[in-house]
Structures are given as structure tokens and as C-alpha cells.
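Next come the chains, spelled out residue by residue.
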Amino acid sequence: MTAAPVLGIEQFTEVHDRHFADIYRYVAGRLGAQAAEDVAAETFLVAFDRRKTFDATRGDLRAWLFGIATNLVSRHRRKEARHYRALSRLETPAAAEGHENRVVSAIAAGQLGKVLTRLSAGERDVLLLVALGELGYAEVAEALGISPGTVGSRLTRARKKLTPVLAQEGLR
């Protein structure tokens, strides 16, 4: 078995250009715009440093990047919880079209801030990778190193906890 070729700087620049906006949007939804630039940039620094360890036969590059981003976000958990508590005190804007947009709008508006802090870290990671990262179950599973069944279970539990809040706010 031969080792996979390591991405060079030019190829890695293409990876950065292709995926930075998605990683940034995901991190901004988790930590706010101020921290997102730093964490998204750090995601690519970590990925570049660890590029020799990436194995395309084990998964998708995009999911690997989201996994790194999620791990970096976990370092900012306390800051994230404070961010959601502050957002929960903001006034609510009108709901956007589409389920994912409603979830993102609700998160941005702070309607779900208190509930998100009550979700387990795993439930929150899965929900926000789907809602903000726009990843499918398989990609979330890859990013977090869990099975797709676990993704489904965590997402179901998170939705059960969020449904009363969404219904109360007329966003369901």
C-alpha cells in the first residue's frame, strides 16, 4: 500500500479557497462573526499542518475540515455559551423561508440561545453542522468520527428539545 500524496501549497490554496466560506459560516453561527475569522483561519492552519495525516480513503476532505473546525469550536465552548445567552436577549426578526434558514435565523436572533446551551455538546455539534454547515448525515458522521445512526439520534433529540421553542415563536 502506498501513502497518499501530500497536498502542496498550491493545492492547499485551492482547498482553502473552495471551503473557507462554508467553514466561516459554520463557525460564525457557533461563535459569532468576531471569532469566526480567527477560528476559520486556524482550521486551515491546523489542516495544513496535519495534511500528511489526511487519508482520502477514510473520508471526504470537506468533512475532515468541518471536524477540525468543530474541535476548535469546542475549545471556545464557554465563549459560545455566553454568546447564545447574549443573543437570547435580542429582539426577534421575521422568520426566513426554509427549515434550515429558520433555524439559522432563530439562532442568530437568539430565540434558541437558552435551549442550545441546554443541548449536550454532541447534540449541539450535530444540529449546527446540519443547520449552519449544511452537511448531510454522512458528512456530519465523518466530521465528528461517529456513526450516521448516532448523528440521527442526536439530531432527533436536539429537534425534540427545540420543537417547543420553534412552535412557541411561530417558526415551525
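Residues numbered from 1 in each chain as written. Predicted model: local features only at pLDDT ≥ 70, side-chain atom pairs only at ≥ 80, totals over all residues. Heavy atoms only, no water.

1. Structural notes on the overall build of the protein chain
A tally of regular secondary structure across the protein chain gives nine helices and zero strands. Expressed as a percentage of its 172 residues, the buried residues of the protein chain come to 42%. When the accessible area of the protein chain is evaluated, it comes to approximately 9500 Å², of which 51% is carbon and sulfur surface. (Helix = DSSP H or I, 4+ residues; strand = E, 2+ residues; numbered from the N terminus. Buried < 20%, exposed > 50% of the residue type's maximum accessible area, 1.4 Å probe, protein only. Areas by Shrake-Rupley, 256 points an atom, 1.4 Å probe, with all protein chains shown as cover.)

2. Quick word on the packing of aromatic side chains
Per the counting criterion, the structure on display carries five aromatic pairs. Seen in terms of ring centroids, Phe 20 and Phe 44 are 5.8 Å apart; in terms of plane orientation they differ by 40 degrees. Their pairing is tilted. In this pair, Phe 20 sits in helix 1 (residues 9-31) while Phe 44 sits in helix 2 (residues 33-49), placing the two residues 24 residues apart along the sequence. Taken together through their ring pairs, the aromatic side chains of Phe 20, Tyr 24 and Phe 44 make up a single cluster. (Phe/Tyr/Trp six-rings, centres within 6.5 Å; stacked < 30°, edge-to-face > 60°.)

3. A closer look at helix 2
Spanning 17 residues, helix 2 covers 24 Å between terminal C-alpha atoms, matching the ideal 24 Å at 1.5 Å per step. Those residues of helix 2 not exposed but buried are Ala 35, Ala 36, Val 39, Ala 40, Thr 43, Phe 44, Val 46 and Ala 47. Along helix 2, the residues classed as buried sweep out an arc of 165 degrees about the axis, all on the same side. Counted as exposed and oriented over 90 degrees from the buried face of helix 2: Gln 34, Asp 38, Leu 45 and Asp 49. (Expected span 1.5 Å × (residues − 1). Arc of directions from axis to C-beta.)

4. Some remarks on the environment of Ser 153
Note that Ser 153 resides in helix 9 (residues 148-168). Between the C-alpha atom of Ser 153 and that of Val 126, which follows or precedes it by 27 residues, the distance is 9.7 Å.

5. Some remarks on the nonpolar core
Formed by 39 residues in total, the largest nonpolar core has its most connected members in Ile 23, Tyr 26 and Val 27. Only helix 1, helix 2, helix 3 (61-75), helix 7 (121-131), helix 8 (137-144) and helix 9 provide two or more residues apiece to this core. Take this core: its biggest share by element is eight residues, from helix 1. Excluding anything up to four places from it in sequence, Tyr 26 contacts Phe 66, Ala 69, Thr 70, Asp 125, Leu 128, Leu 129, Leu 132 and Gly 133. (Core = buried A, V, L, I, M, F, W, Y, C linked by side-chain atoms within 4.5 Å. Contact = heavy atoms within 4.5 Å.)

6. So, the layout of surface pockets
Estimates place the volume of the largest pocket at around 320 Å³. Forming the boundary of the largest pocket are 14 residues, of which Phe 54, Arg 58, Trp 64, Glu 142 and Ala 143 lie nearest the centre. When contributions to the lining of the largest pocket are tallied by element, the ones reaching two or more residues are helix 3 and helix 8. For the lining of the largest pocket, the element with the highest residue contribution is helix 3, accounting for five residues. (1 Å grid on protein atoms, 1.4 Å probe; cavity = no way out; pocket = protein on both sides within 12 Å on 5 of 7 lines; lining within 4 Å. Points joined across faces, edges and corners; volume = space filled by probe spheres on them.)

7. Observations concerning the packing of helix 1 against helix 3
Interaxial distance between helix 1 and helix 3 falls to 10 Å at its minimum, and their mutual angle equals 35 degrees. In the packing of helix 1 onto helix 3, the handedness of the crossing is right-handed. For the pair formed by helix 1 and helix 3, the contact residues are Val 15, His 19, Asp 22, Ile 23, Tyr 26, Val 27, Arg 30 and Leu 31 on the first element and Leu 61, Arg 62, Leu 65, Phe 66, Ala 69, Thr 70 and Val 73 on the second. Looking at the contact of helix 1 with helix 3 residue by residue, the class counts come to 10 nonpolar, two polar and three charged. (Axes fitted to C-alpha atoms, helices over the stretch in contact; angles between N-to-C directions. Left-handed = near helix turned anticlockwise from the far one by under 90°. Nonpolar A, V, L, I, M, F, W, Y, C, P; charged D, E, K, R; others polar.)

8. Some points on the confidence of the model for the protein chain
Of the residues in the protein chain, 70% reach a pLDDT of 70 or more, and the chain-wide mean stands at 80. Across the protein chain, the element-wise mean pLDDT spans from 59 in helix 5 (residues 99-109) up to 93 in helix 8. (pLDDT = per-residue confidence, 0-100.)

9. Re the environment of Leu 127
With respect to the helices and strands, Leu 127 occurs in helix 7. A relative accessible area of 5% means that Leu 127 is categorised as buried. Remark: the alpha-carbon pair of Leu 127 and Thr 156, spanning 29 residues in sequence, is separated by 9.2 Å.

10. Considerations on the environment of Leu 31
With respect to the helices and strands, the residue Leu 31 is situated in helix 1. Taking relative accessible area as the criterion, Leu 31 reaches 5% and is therefore assigned buried. Sequence separation between Leu 31 and Val 73 is 42 residues, and the spatial gap between their C-alpha atoms is 7.5 Å.

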